[in-house]
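The chain contents come next:
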Amino acid sequence: MGLISELKLAVPWGHIAAKAWGSHQAAPVLCLHGWLDNANSFDRLIPLLPKDFHYVAMDFGGHGLSSHYSQGFPYYHQNFVSEVRRVAAALKWNRFSLLGHSFGGTVGGMFSCIFPEMVDKLILLEALPVVLDTNEMDNLLTYKRRAIEHVLQVEASRKPAQVVSPEEMLQWFLKNNSHVGEACGKHLLQRGTTQVATGVSLNRDRRIILPEYCLDIISRELLVQYIKNLQARILLVKATEGYYAVRRENDANRESIMFVTSSLKSVLKERFQYVEVPGNHYVHMNQPQLVADVISSFLQSKERSPAPL
């Protein structure tokens, strides 16, 4: 299934870039990439998925080829959720499925809770639909403070984007993303960098730094309340060598994932499916064949979520 087109969807601050595969007439699937990644995240997986769907992978604002937000505006979780709504409106989709990797899954999860009637199926790749405060209660105000300070710092510094050689850029990227193989790192950087006379520079907005500065981190009570609103069928694909917490130092603590999955199971019953696959956080890029079959059969399963009356 070849890429059919690159899209540029107008938004008030510029445009959201996206790439599309398959027929416009087919059932739509919107693909949401992880933190600091871009739409190239799905290039290896989508050709292995069923041909009778229309896949669109978007670059979140400030990532990939999408415009940066206007000066003075921070990047918060809710903004990314509203980008999904804007893309659906631009594409004239009333109902569609979502495929989200990592941070993209938490955006898709929150969208599915806020706009339940719009989402048929939600596929979470190495992602939870929400982020729990299990390990984070003491840090929440610190994150909010640092998020504001970071934006002010970037604005004050006015430093031009750093230009380095493609090789240096790749080494830096792999050092910061230990789960991404070299070939996949190069592939993400293709869309994540711009070539200039003396080398390459990162496309992403430097106001975006750590996910914990941006995420809506919620309590168990709120989680249960939110997921009661879901109408979608949900598939959660967990890689055995993947991540279990937003901050990697909490990775040994499996409490969050266990609470979220058991809550989803008790509320959604047969509408929730949990599958473990071998591989790491980027299994969908490094070894897409390991997740393609389970995603394909989930997408093709006929039990649709209850459509709104």
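Residues numbered from 1 in each chain as written. Predicted model: local features only at pLDDT ≥ 70, side-chain atom pairs only at ≥ 80, totals over all residues. Heavy atoms only, no water.

- For the protein chain, an unreviewed UniProt entry supplies the name Serine hydrolase-like protein 2 isoform X2 and the organism Odocoileus virginianus.
- A UniProt comment under Sequence similarities (unreviewed entry) is attached to the protein chain, and it reads "Belongs to the AB hydrolase superfamily." (UniProt positions renumbered as here; feature names shortened; annotations may be inferred.)

**Side note on helix 3 (residues 140-157)**
No. 1: With 18 residues, helix 3 should cover 26 Å at 1.5 Å per step; its first-to-last C-alpha distance of 26 Å lies within 8% of that length.
No. 2: For helix 3, every residue scored as buried is listed here: Tyr-143, Ala-147, His-150, Val-151 and Val-154. One side of helix 3 holds all its buried residues, which, seen down the axis, span an arc of 95°. Exposed side chains of helix 3 directed beyond 90 degrees from the buried face belong to Leu-141, Arg-145, Leu-152, Gln-153 and Ala-156.
No. 3: Where helix 3 is buried, its residues contact helix 6 (211-214) and strand 10 (217-218).
No. 4: In the segment just after helix 3, Arg-158 is the residue with positive phi, at about 50°. (Helix = DSSP H or I, 4+ residues; strand = E, 2+ residues; numbered from the N terminus. Expected span 1.5 Å × (residues − 1). Buried < 20%, exposed > 50% of the residue type's maximum accessible area, 1.4 Å probe, protein only. Arc of directions from axis to C-beta. Contact = heavy atoms within 4.5 Å.)

**Observations concerning the packing of helix 4 (residues 166-176) against helix 5 (residues 182-192)**
No. 1: Where helix 4 meets helix 5, the closest approach of the two axes is 10 Å, and the angle between their N-to-C directions is 115°. Between helix 4 and helix 5, the crossing angle belongs to the class labelled roughly perpendicular. Between helix 4 and helix 5 lies a crossing whose hand is right-handed. Each of Met-169, Leu-170, Phe-173 and Leu-174 in helix 4 lies in contact with helix 5, whose residues at this interface are Glu-182, Gly-185, Lys-186, Leu-188 and Leu-189.
No. 2: Grouping the amino acids of the contact of helix 4 with helix 5 by side-chain chemistry returns six nonpolar, one polar and two charged. (Axes fitted to C-alpha atoms, helices over the stretch in contact; angles between N-to-C directions. Parallel < 35°, antiparallel > 145°, perpendicular 65-115°, else oblique. Left-handed = near helix turned anticlockwise from the far one by under 90°. Nonpolar A, V, L, I, M, F, W, Y, C, P; charged D, E, K, R; others polar.)

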